[in-house]
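Letter by letter, the chains look like this.
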Amino acid sequence: MANLCVNIDHIATLRQARQETEPDPVVAAAIVEQAGAAGITVHLREDRRHIQDRDVEQLRRVVATKLNLEMAATDEMVKIASRLKPEESTLVPEKREELTTEGGLDAAGQKSRLRLVCQKLKDAGIVVSLFIDPEERQIAAAAEIGADYIELHTGEYARAKGAEPELRTLHIAAQTAQDKGLKVNAGHGLNYTNVGAVARIKGVEDLNIGHNIIARAALVGLDQAVREMLAAIAQAGV
Ligand code: PXP
């Protein structure tokens, strides 16, 4: 069965809206883990719009499952990751104006730079994942770069309301990646209804899900929101 890793960025978004101390992502992480999730994911953005450096430092100390740090492939972020040593770093593209990560990383267009970043992170003992679109050339580039994992961008599939062609594209991409020796995660835009089909894709390990869980948590509580997502994944029956 695929693992659920919960992206708790929007707990920090709520806190930053008032520049207050609550809600605390560290408390959220404990609740998420207690509810049965397999990991905690946070994105430390260049503009620090939600998660702050201090959050990552504290999370590094308290997360007992697995900490996945989403980050841009910049020198600043490589330095922070190398010091804090999350179990996994997921390299993502980052634009200041975007509301959320738009599109996958252009791995094919920056192979030499990403090879260097990937090696530095691996030297620090961090598992490296590249968040990419489900395209053959990006997958091939991820393998050449030496990434351990790819995270398949499921945004198109989610936008297409789980339509067959987009789902088929994800199946093909997951198989292509595994044929090239890459391990596979997936995420973006996943919700309680579209998650099952992605959880069933052969070889998909971690599902990184944020917005939909935190949105539901605002109404029913974080513990229940996580448990409902775990149930939706379990229902997929693999
Ligand atoms: N995976 C990556 C690489 C992301 O950047 C995000 C958004 O921060 C997610 C997964 C989670 O996406 P969503 O918030 O739509 O569930």
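Residues numbered from 1 in each chain as written. Predicted model: local features only at pLDDT ≥ 70, side-chain atom pairs only at ≥ 80, totals over all residues. Heavy atoms only, no water.

1. A few points about the overall build of the protein chain
Looking only at helices and strands, one finds 11 helices and eight strands in the protein chain. Relative to a compact globule of 238 residues, whose C-alpha radius of gyration would be 18 Å, the protein chain shows 17 Å and is just as compact. Projected onto the principal axes, the alpha-carbon positions of the protein chain cover approximately 45 × 40 × 30 Å. Here the protein chain holds 238 residues, and the buried ones make up 52% of them. Counting only contacts in the protein chain whose residues sit at least 6 apart along the sequence, the fraction spanning at least 24 positions is 66%. (Helix = DSSP H or I, 4+ residues; strand = E, 2+ residues; numbered from the N terminus. Rg over C-alpha atoms; globule rule 2.2 N^0.38 Å. Buried < 20%, exposed > 50% of the residue type's maximum accessible area, 1.4 Å probe, protein only. Contact = heavy atoms within 4.5 Å.)

2. Overview of helix H1 (residues 9-18)
At 3.6 residues per turn, the α-helix brings residues three or four places apart onto the same side. If you check which residues of H1 are buried, you get Asp-9, Ile-11, Ala-12, Arg-15 and Gln-16. For H1, the angular spread of the buried residues around the axis is 155 degrees, confining them to a single face. H1 presents Leu-14, Ala-17 and Arg-18 as exposed residues on the side facing more than 90 degrees away from its buried surface. Backbone geometry just downstream of H1 places Gln-19 in the positive-phi region, at approximately 55 degrees. (Arc of directions from axis to C-beta.)

3. Details of the site of the ligand
Taken together, 14 residues sit near the ligand, with Thr-101, Glu-151, Gly-189, Gly-210 and His-211 positioned nearest. Here an oxygen atom of the ligand and a backbone polar atom of Gly-189 are 2.8 Å apart. (Near = heavy atom within 4 Å. Polar contact = N/O pair within 3.5 Å; in protein donor to acceptor, adjacent residues only side chain to side chain.)

4. Some points on the environment of Ile-233
Mapped onto the elements, Ile-233 comes out in helix H11 (residues 222-235). With a relative accessible area of 1%, Ile-233 lands in the buried category. Among residues more than four places away in sequence, those in contact with Ile-233 are Met-1, Ala-2, Leu-4, Val-195, Ala-199 and Leu-207.

5. Topic: the pairing of strand S4 (residues 88-91)
Along a regular strand, successive side chains alternate from one face of the sheet to the other. By the alternation rule, side chains of S4 split into Glu-88 and Thr-90 and Ser-89 and Leu-91, which are all buried. Examined bridge by bridge, strand S3 (residues 67-71) and S4 share four bridges and lie parallel to one another. Residue pairing across strands places Glu-70 opposite Thr-90, the latter belonging to S4. Pairing between S4 and strand S5 (residues 127-132): four bridges, direction parallel. Paired with Leu-91 across the two strands is Leu-130, which belongs to S5. (Pairing = 2+ DSSP bridges.)

6. So, the environment of Gln-16
Its location among the elements puts Gln-16 in helix H1. By relative accessible area, which is 16% here, Gln-16 ends up buried. The contacts of Gln-16, once residues within four sequence positions are left out, are Arg-49, His-50 and Gln-52.

7. What to know about the packing of helix H2 (residues 25-34) against H11
Following both chains from N to C, one finds H2 and H11 inclined at 40 degrees, their axes separated by 9 Å at the closest point. Comparing their axes, H11 and H2 come out oblique. The handedness of the crossing between H2 and H11 is right-handed. Of the residues in H11, those in contact with Ala-28, Ile-31, Val-32 and Gln-34 of H2 are Leu-222, Asp-223, Val-226 and Arg-227. Grouping the constituent residues of the contact of H2 with H11 by class yields five nonpolar, one polar and two charged. (Axes fitted to C-alpha atoms, helices over the stretch in contact; angles between N-to-C directions. Parallel < 35°, antiparallel > 145°, perpendicular 65-115°, else oblique. Left-handed = near helix turned anticlockwise from the far one by under 90°. Nonpolar A, V, L, I, M, F, W, Y, C, P; charged D, E, K, R; others polar.)

8. Details of the pattern of salt bridges
If you walk through the whole model with that rule in mind, you get 16 salt bridges. In this structure, Arg-137 and Glu-135 form a salt bridge, with 3.8 Å as the shortest nitrogen-oxygen distance. By relative accessible area, which is 52% here, Arg-137 ends up exposed. Under the relative-accessibility criterion, Glu-135 is labelled partly exposed at 34%. (Salt bridge = Lys/Arg side-chain N within 4 Å of Asp/Glu carboxyl O.)

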